[in-house]
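Below are the chains, spelled out letter by letter.
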Amino acid sequence: MATSKRPLQRLLSRVCREARRTYGVLPQGHGHDPSFSQHLINLEYEYSAHNYHPVPIVFSKAKGSCIWDPEGNKYLDFLSAYSAVNQGHCHPRIMKALQEQAEKLTLSSRAFYNDRFPVFAEHLTNMFGYDMVLPMNTGAEGVETALKLARKWGYEKKKIPIDEAIIISCCGCFHGRTLAAISMSCDNEATRGFGPLLSGHLKVDFGDVVSLEKSFREQGDRIAGFLFEPIQGEAGVIIPPDGYLKSVRDLCSKYNVLMIADEIQTGLARTGKMLACDWEQVRPDVVILGKALGGGVIPVSAVLADKDVMLCIRPGEHGSTFGGNPLASAVAIASLDVIKEEGLAERSYHLGKELRHQLLKVQQQFPDIIKEVRGRGLFNAVEFNSKTLSPVSAYDICLKLKERGVLAKPTHDTIVRLTPPLSISSDELQEGSKTLHEVLELDLPKMKAAKPEKMPIASTTCDRCGRNQ
Ligand SMILES: Cc1ncc(COP(=O)(O)O)c(C=O)c1O
């Protein structure tokens, strides 16, 4: 009982309570003790699972393409939370929608109707030209939904024998972290230690229509869907050969297989078109959207399909407590309006060209170091030559970019993704390229001299399909 606590215990618990209070509070304003960010990083390390390896910068405030840390240092965002912030951080129109809706109604669950979701559903389906939407929250849930939908369609419409449906996915594509999503991936790190993975699944090489057709020919009667990223994002902005999307469309139609495009990262103007599939004027049977649909504010994902597919799912068979909630719906409507009205797809298209032009100039100055500059719209990557970069890694380059005020994310050991908010200005883009140049010119030689020579990285083979990773 509290009254029987001894004085020392009471004193200790008061001290602990006070300590927790002060530690949890972020000091206001600029010019804090520079160790405050480090303190927060330590707190996270101590109290949060170690499931990420972040670049050590603490976000405290953001606007448009700019981020501030608690000490008041300003950075340019060249990741956009993996394309979830296409509209720019804290876009005023999206924030207004969030605030207004938050004061009125935030959740009904789908046990009842609410006055925002139907409007969002009409808006989204009209915008992308599909009959219906199934709303979820995270991207992985969207993928999960598309897979269930494809299986259900396979049994009901294609008459695949029960429990024998197969989904094909691509080696190297990323679809999220749930068990179904990792079952679709080929990444030892993501899959090792998490088996048994989902059955009813085959892999083909990304960009390889010959093996896709071979699988369709051999197993066609049991294949419900082909799930793919139109451009691989997490793999390092890998663009398939020209004509790939059209060929996939033709093959899916020929063999009666659902073409399922995971546009969670590539969609919503990121690649310079509303969908990356628009680059080849291809209409998938199922489109999965996420990330920027929530305007960088709350998780909103959606699966789009026509009635003959979508109505295979009936009441009680799938859903989510928060999917289609009024707050998410209001935010998503505003997020879509911003993309459309600010012409973010066109902006991404033109600024992407500008950025690659600048990066190619950097490559000309460091031809041994930069192997390739590639991208579509503002979805870009710089790939370094592993031999000449070694013992330095892409992560080390990102650390130096950060020290010079630019935030970017490494992929594998040799790739840096450059995917700023689509609202970024030309000057800010230029700043990013200039900073990369400075890192390669001024920091790289010092980093190489300071780092011990690394053993060459042995290429690993995928546990699942035997391909080199
Ligand atoms: C193509 C793709 N699909 C699915 C996902 C999973 O989305 P989420 O992290 O919101 O679950 C991601 C996330 O990066 C992605 O890039």
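Please read all numbers here as calculations on a predicted model, not as lab measurements. (Residues numbered from 1 in each chain as written. Predicted model: local features only at pLDDT ≥ 70, side-chain atom pairs only at ≥ 80, totals over all residues.)

1. A word on the site of the ligand
Okay, step 1: Close to the ligand lie 15 residues; Thr-138, Gly-139, Ala-140, Gly-176 and Gln-265 are nearest.
Okay, step 2: No other element matches helix α6 (residues 139–156), which puts three residues into the shell around the ligand. (Near = placed C-beta within 6 Å. Helix = DSSP H or I, 4+ residues; strand = E, 2+ residues; numbered from the N terminus.)

2. Notes on the pairing of strand β15 (residues 415–418)
Okay, step 1: Residues of β15 alternate between two faces, with Ile-415 and Arg-417 on one and Val-416 and Leu-418 on the opposite face, all of them buried.
Okay, step 2: Sheet topology places strand β12 (residues 379–384) next to β15; four bridges connect them, and they run antiparallel. From the neighbouring strand, Glu-383 faces β15, where its bridge partner is Ile-415.
Okay, step 3: When strand β14 (residues 409–411) meets β15, the two strands line up antiparallel, connected through three bridges. Counterpart to Pro-410 in the pairing with β15 is Val-416. (Buried ≥ 20, exposed ≤ 12 C-beta atoms within 10 Å, placed from the backbone. Pairing = 2+ DSSP bridges.)

3. Points about the nonpolar core
Okay, step 1: Ranked by internal contacts, the top residues of the largest apolar core, which has 121 residues, are Ala-146, Ala-150, Leu-258, Val-286, Ala-302, Val-303 and Val-331.
Okay, step 2: With 10 residues, helix α12 (residues 326–341) is the largest single contributor of residues to this core.
Okay, step 3: Structurally, this core is a two-domain feature, drawing no fewer than three residues from each of domain 1 (33–87 + 343–458) and domain 2 (92–341).
Okay, step 4: Beyond its immediate stretch of four places on either side in the chain, Val-303 contacts Val-133, Leu-134, Gly-142, Thr-145, Ala-146, Leu-149, Val-286 and Ile-288. (Core = buried A, V, L, I, M, F, W, Y, C linked by C-beta atoms within 7 Å. Domains from an automatic or database assignment. Contact = placed C-beta atoms within 7 Å.)

4. Some words on the pairing of strand β11 (residues 370–376)
Okay, step 1: Where β11 lies against β12, six bridges are found, and the strand directions are antiparallel. The partner of Arg-376 across the bridge, within β12, is Phe-379.
Okay, step 2: Between β11 and β12, which pair antiparallel and follow one another directly, the connecting turn spans two residues, one of which, Gly-377, has a positive phi of 55°.

5. Thoughts on the environment of Ser-329
Okay, step 1: The residue Ser-329 is located in helix α12 in this model.
Okay, step 2: When the C-alpha positions of Ser-329 and Gly-466 are compared, they lie 43 Å apart, and in sequence the two are 137 residues distant.
Okay, step 3: What Ser-329 contacts, discounting residues up to four positions off in sequence, is Arg-116, Phe-117, Phe-120 and Gly-324.

6. Structural notes on helix α4 (residues 92–104)
Okay, step 1: For α4, with 13 residues, the first-to-last C-alpha span of 19 Å sits near the 18 Å given by 1.5 Å per residue.
Okay, step 2: Within the span of α4, buried status applies to Ile-94, Ala-97, Leu-98 and Gln-101. In a view along the axis of α4, the buried residues occupy a sector of 100°, so they form one face of it. Exposed and oriented more than 90 degrees from the buried face of α4 are Pro-92, Lys-96, Gln-99, Glu-100 and Glu-103.
Okay, step 3: Tucked inside the fold, the buried residues of α4 contact α12. (Expected span 1.5 Å × (residues − 1). Arc of directions from axis to C-beta.)

7. A short note on the sheet that holds β14
Okay, step 1: Read across the sheet, four strands follow the order β11-β12-β15-β14 without closing on themselves; strand pairing throughout is antiparallel. Looking at which strands have only one partner, the edges of the open sheet turn out to be β11 and β14. For this sheet, the mean angle separating the axes of adjacent strands, direction not counted, is 25°.
Okay, step 2: On the sheet, helix α13 (residues 344–365) packs against β11, β12 and β15 and is oriented at approximately 175° with respect to β11. (Axes fitted to C-alpha atoms, helices over the stretch in contact; angles between N-to-C directions.)

8. Brief notes about the sheet that holds strand β8 (residues 258–262)
Okay, step 1: Judged by pairing direction, the sheet is mixed, and its seven strands sit side by side in the order β4-β10-β9-β8-β7-β5-β6 without closing on themselves. Looking at which strands have only one partner, the edges of the open sheet turn out to be β4 (132–136) and β6 (201–205). Strand after strand, the sheet turns through a mean of 20° between neighbouring axes, direction not considered.
Okay, step 2: Note: strand β5 (residues 166–171) against β6, five bridges, orientation parallel. Paired with Cys-170 across the two strands is Val-204, which belongs to β6.
Okay, step 3: Contacting β4, β9 (286–289) and β10 (301–305), helix α5 (residues 117–128) runs over the sheet at an angle of about 125° to β4.

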